[in-house]
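# Structural description and commentary
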Amino acid sequence: MSPTFILPGLNGSPEGHWQRHWARERTNASVIEQEDWSCPILEDWQAELDRALLAVDGAFLVAHSLGCLLAASYAGRSIAGKIRGALLVAPCSLQMTRRLHPCMIEFGEERLAPLPFPSLVIGSLNDPYMSVPDLERHVNAWGSDLATIGFAGHINIASGFGRWTEGYSFFERLNNGRSDARASDRSISAA
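Residues numbered from 1 in each chain as written. Predicted model: local features only at pLDDT ≥ 70, side-chain atom pairs only at ≥ 80, totals over all residues. Heavy atoms only, no water.

## What to know about the side chain of arginine 20
- Relative to the helices and strands, arginine 20 is located in helix H1 (residues 18–25).
- Side-chain polar atoms of arginine 20 contact the backbone oxygen of serine 13, separated by 2.6 Å.
- Residues in contact with arginine 20, not counting those within four places in the same chain, are Ser13, Pro14, Glu15, Val31 and Glu33. (Helix = DSSP H or I, 4+ residues; strand = E, 2+ residues; numbered from the N terminus. Polar contact = N/O pair within 3.5 Å; in protein donor to acceptor, adjacent residues only side chain to side chain. Contact = heavy atoms within 4.5 Å.)

Below you can see the structure in the form of structure tokens.
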């Protein structure tokens, strides 16, 4: 079975975050740690993921927030062929993240190109880091499937997502090639 690389977002996923639970509970899962979680530079984050990908035949990605933009940055990169699929949970808008966290985030522009690997985006209808129209724009540009889980905030500890067991079923859906979301999942609205 291919390993799973967990990609936290800005400031990393603190203890108690569903990604840290995942790393402990799944024997083939590991967090791609970054030297600088608070003022990220895309090339540095890519270098860490590159190192991990080069050591395996292939891997799945489980990303949250800014980690989703890291995964999306692999569109057009040759090493992307090692990515078997990506579960992209609560992707963030780079513009909104910069506004909410006025530190130095050197992530260039958001990569809005089709991903060369299967991807399933899990979104929230009231995520402070990404509006519903932005979520739809990203999903369409990436060619991802989409499942929304209602009004779930940023799908992190602050919004009540510690050990998020539902995430495992979304990952299994992606892992088993069943990432195609139902048509009702693809159309989202706050109504």
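## Some points on helix H6 (residues 166–175)
- Along H6, the residues that are buried comprise Gly167, Tyr168, Phe170, Phe171, Arg173 and Leu174.
- Of the residues trailing H6, glycine 177 is marked for its positive phi of about 75°. (Buried < 20%, exposed > 50% of the residue type's maximum accessible area, 1.4 Å probe, protein only.)

## Regarding the packing of aromatic side chains
- Here the structure, examined in full by the defined rule, presents nine aromatic pairs.
- Where tryptophan 22 meets tyrosine 168, the ring centres are 4.7 Å apart and the plane angle is 65°; that geometry is what we call edge-to-face. Pair noted here: tryptophan 22 is in helix H1 and tyrosine 168 is in helix H6, with a separation of 146 residues, a long-range link.
- Exposure remark for tyrosine 168: the relative accessible area of 13% places this residue in the buried category.
- Ring centres of tryptophan 164 and phenylalanine 170 lie 6.1 Å apart, and the angle between their planes is 40°; this geometry places the pair in the tilted category. Per residue, the accessibility class of tryptophan 164 equals that of phenylalanine 170, and both read buried.
- Among the aromatic residues, those joined into a cluster by ring pairs are Trp18, Trp22, Phe60, Phe161, Trp164, Tyr168, Phe170 and Phe171.
- Over the face of the ring belonging to tryptophan 22 we find arginine 26, whose NZ or CZ atom lies 5.4 Å from the ring centre.
- When the ring centre of tyrosine 168 is taken as reference, the NZ or CZ atom of arginine 26 above it lies at 4.3 Å. (Phe/Tyr/Trp six-rings, centres within 6.5 Å; stacked < 30°, edge-to-face > 60°. Lys NZ or Arg CZ within 6 Å of the ring centre and 35° of its normal.)

## Considerations on the confidence of the model for the chain
- Across the chain, pLDDT averages 90, with 93% of residues at or above 70.
- Under a pLDDT of 50 for its full length, residues 179–191 has, in the predicted model, 27 contacts with residues more than four places off or in other chains. (pLDDT = per-residue confidence, 0-100.)

## A closer look at the sheet that holds strand S1 (residues 4–7)
- The parallel open sheet is built from six strands, whose spatial order is S2-S1-S3-S4-S5-S6. Unpaired on one side and paired on the other, strand S2 (29–31) and strand S6 (145–148) mark the two borders of the sheet. On average, adjacent strands in this sheet sit at an angle of 20° to one another, irrespective of strand direction.
- Here H1 sits on the sheet in contact with S1, S2, strand S3 (59–64) and strand S4 (83–89), set at roughly 155° to S3.
- Where helix H5 (residues 132–142) meets the sheet, it contacts S4, strand S5 (119–123) and S6, and its direction lies at approximately 175° from that of S5. (Pairing = 2+ DSSP bridges. Axes fitted to C-alpha atoms, helices over the stretch in contact; angles between N-to-C directions.)

## Quick notes on the pattern of salt bridges
- Going through the model one piece at a time under the given rule, you end up with eight salt bridges.
- Arginine 51 is the partner of glutamate 48 in a salt bridge, and the nearest nitrogen-oxygen pair spans 2.5 Å. Here glutamate 48 and its partner arginine 51 are both found in helix H2 (residues 42–54), three residues apart, which amounts to about one turn of the helix.
- As a salt-bridge pair, arginine 137 and aspartate 134 come within 3.2 Å of each other at their nearest N and O atoms. Here aspartate 134 and arginine 137 lie together in helix H5, a separation of three residues that amounts to about one turn.
- Arginine 137 gets classed as partly exposed once you look at its relative accessible area, which sits at 39%. (Salt bridge = Lys/Arg side-chain N within 4 Å of Asp/Glu carboxyl O.)

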